[in-house]
Each structure stands twice: as structure tokens, then as C-alpha cells.
Amino acid sequence: MASNLKFYNLLVHLIDHNKIVEENLAVKNVWRNDANDLFNLYFYRTKKSIVIDGAFIKDILDLNTEKFYSNVESFLEDYFYVDKESLENDKYNRPLQDNKLMEKIGMDITILVFFARRYAEFGNIKMQAICNYIQSCEPRTANLSRQYMQSFLNSINPSVEEFYAALNLLERKTPEEATKLANESVKICLSDGQIHYSEKIYLAEMLQILREKGLEPEVMI
């Protein structure tokens, strides 16, 4: 069995009862059983993993590299080649993981999701605002699918302690970066029409901590 998490952002056409179905998915692993290539796939739409025979895969598009595989055989050539290379050079050539792209703005994401969950539903407007912010800070995340980003953000539910821990790291930011994050936090709080009391308290805490660290974001609450 081979595991290669580099192929986590694929657009795949599957054959399902003589119909072609398009899915956004990740390949968790692949192995050969007799003459069949079996794929363990994670479907972002349903958030479930399913094992299928490679015979039911028509073609594959890697959304990260924009490489198109017209058949399973050509995909497996790359899959197993990269997997071997990764094993030989694991320390220096590990595939870039989805969450690694967002590592440098992890504290921003914690803060923004914290505000998004303070009041009402963490809905599409808040979700899209955070996705836009992430892409503006790390353009490579534009290659990640909408389903993946939604799944990633939905998996985050920061506690108050995690929120304050993230705030304490804000001294690493420039005044411009701090202003950008503070304004985005206000925008998320205003997404349902007003800033609610609980949101206002945490926004005030955030601005106070920024000022204590010598940062003066130009924000109006």
C-alpha cells in the first residue's frame, strides 16, 4: 500500500452506473489487489472516505499543478514516482500539505473564526470573507477547492484561551498587517448587520492588546 498526500486537491470524473460524475477529492492511498488498482478516496462533498476500483475512474485533473491525467495509468506513474521520492527524501522533500500553506497565518485564522462563531451561524458570508482574507495573505491557497476550505474552517472552533493565545502573538505583525486583521474581524462581526455585545467586548480586547504591543490599527467599532 502506498500513501501520498500530495494529491489532495483533485477534480475526478468517476463512472457511476454508466454515468459520469464529477467529484473533488483527495487520494489517501492506493494499492494493488490481484490485477486491480484500489483507491482510498476522501470526498470533500460528503466528507467521507470510500475505496473504489481504479477501473471506475475516467480521468483526473490535479487542481494544484493543473496537470490532466486522461487515464488511471498515467496518474499512477506520477503517484508512485512522487511517493518513492518522498520516502527517500522525507526530511527535505515532504509534500506540501494543505494546512502548511496556512501555517504562517494560523493566528489570524484562529482569531477570525473565533469572531465568526461568536454570534449566529458560521455561514457562507463569514466563510467567504475568511477565505478571501486567507488568499490575500497566502495566494497559493487559491488552488485549494472551496469544499476543502469549508471543511478546513468548519473543523476549527477556537476556545477563549486559544483566542487570547493568538492575540499574544500579534506583536509579530506590522502595523499594516494588524490593521488588515482588525478590519477583517470587524467586517466578520458586521456580516449579520450589527456588532453584538459579546463581539464588541472581544474586539475591544483585541485592539487594546494591539495598542499595548505598539500597534495602532485604524479601526472604527
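Read on for a plain summary of the structure.

What counts and what doesn't
- Residues numbered from 1 in each chain as written.
- Predicted model: local features only at pLDDT ≥ 70, side-chain atom pairs only at ≥ 80, totals over all residues.
- Heavy atoms only, no water.
- Axes fitted to C-alpha atoms, helices over the stretch in contact; angles between N-to-C directions.
- Helix = DSSP H or I, 4+ residues; strand = E, 2+ residues; numbered from the N terminus.
- Parallel < 35°, antiparallel > 145°, perpendicular 65-115°, else oblique.
- Left-handed = near helix turned anticlockwise from the far one by under 90°.
- Contact = heavy atoms within 4.5 Å.
- Phe/Tyr/Trp six-rings, centres within 6.5 Å; stacked < 30°, edge-to-face > 60°.
- Lys NZ or Arg CZ within 6 Å of the ring centre and 35° of its normal.
- Pairing = 2+ DSSP bridges.
- Nonpolar A, V, L, I, M, F, W, Y, C, P; charged D, E, K, R; others polar.
- Buried < 20%, exposed > 50% of the residue type's maximum accessible area, 1.4 Å probe, protein only.
- Polar contact = N/O pair within 3.5 Å; in protein donor to acceptor, adjacent residues only side chain to side chain.

## A few points about the packing of helix H3 (residues 106-116) against helix H7 (residues 175-189)
Moving on, step 1. Running from amino to carboxyl end, H3 crosses H7 at an angle of 20°, the nearest separation of the two axes being 9 Å. In terms of their interaxial angle, H3 and H7 are classed as roughly parallel. Between H3 and H7 lies a crossing whose hand is right-handed. Contacts between H3 and H7 pair Asp108, Ile111, Leu112, Phe115 and Ala116 from the former with Leu181, Glu184, Ser185, Ile188 and Cys189 from the latter.

## Focus on the packing of aromatic side chains
Moving on, step 1. As enumerated under the stated definition, the model contains 13 aromatic pairs in all.
Moving on, step 2. Ring centres of Phe114 and Phe115 lie 6.0 Å apart, and the angle between their planes is 75°; this geometry places the pair in the edge-to-face category.
Moving on, step 3. Ring-pair connections join several aromatic residues into one group, and the members of that group are Phe7, Phe39, Tyr69, Phe75 and Tyr79.
Moving on, step 4. Positioned above the aromatic ring of Phe114, the side-chain terminus of Arg118 is 3.9 Å from the ring centre.
Moving on, step 5. The ring of Tyr133 carries the charged tip of Lys180 above its face, separated from the ring centre by 5.3 Å.

## Considering the pairing of strand S5 (residues 48-53)
Moving on, step 1. Pairing of strand S4 (residues 36-43) with S5 involves 6 bridges; the strand directions are antiparallel. What sits directly across from Tyr42, in S5, is Ser49.
Moving on, step 2. Here S4 folds back onto S5 in antiparallel fashion, the turn holding 4 residues, of which Lys47 has a positive phi close to 60°.

## A look at the packing of H3 against helix H6 (residues 160-167)
Moving on, step 1. Their axes nearest at 9 Å, the elements H3 and H6 cross at an angle of 135°. As the angle between them shows, H3 and H6 are arranged oblique. Two packed elements cross with a definite hand, and for H3 against H6 that hand is left-handed. Of the residues in H6, those in contact with Met107, Thr110, Ile111, Phe114 and Phe115 of H3 are Val160, Glu162, Phe163, Ala166 and Leu167.
Moving on, step 2. Looking at side-chain class alone, the contact of H3 with H6 contains 8 nonpolar, 1 polar and 1 charged residues.

## Concerning the environment of Lys126
Moving on, step 1. Considering the arrangement of structural elements, one finds Lys126 in helix H4 (residues 124-137).
Moving on, step 2. For Lys126, a relative accessible area of 4% corresponds to the buried category.
Moving on, step 3. When the C-alpha atoms of Lys126 and Asp192 are compared, they prove to be 9.1 Å apart, with 66 residues separating the residues in sequence.

## Quick notes on the side chain of Glu23
Moving on, step 1. Tracing the sequence through the fold places Glu23 in strand S3 (residues 19-33).
Moving on, step 2. Given the relative accessible area of 7%, Glu23 is considered buried.
Moving on, step 3. Among the polar contacts listed, one links the side chain of Glu23 to the side chain of Arg45, at a separation of 2.6 Å.
Moving on, step 4. With residues near it in sequence (within four places) discarded, Glu23 still touches Leu10, Leu11, Val12, Leu14, Phe43 and Arg45.

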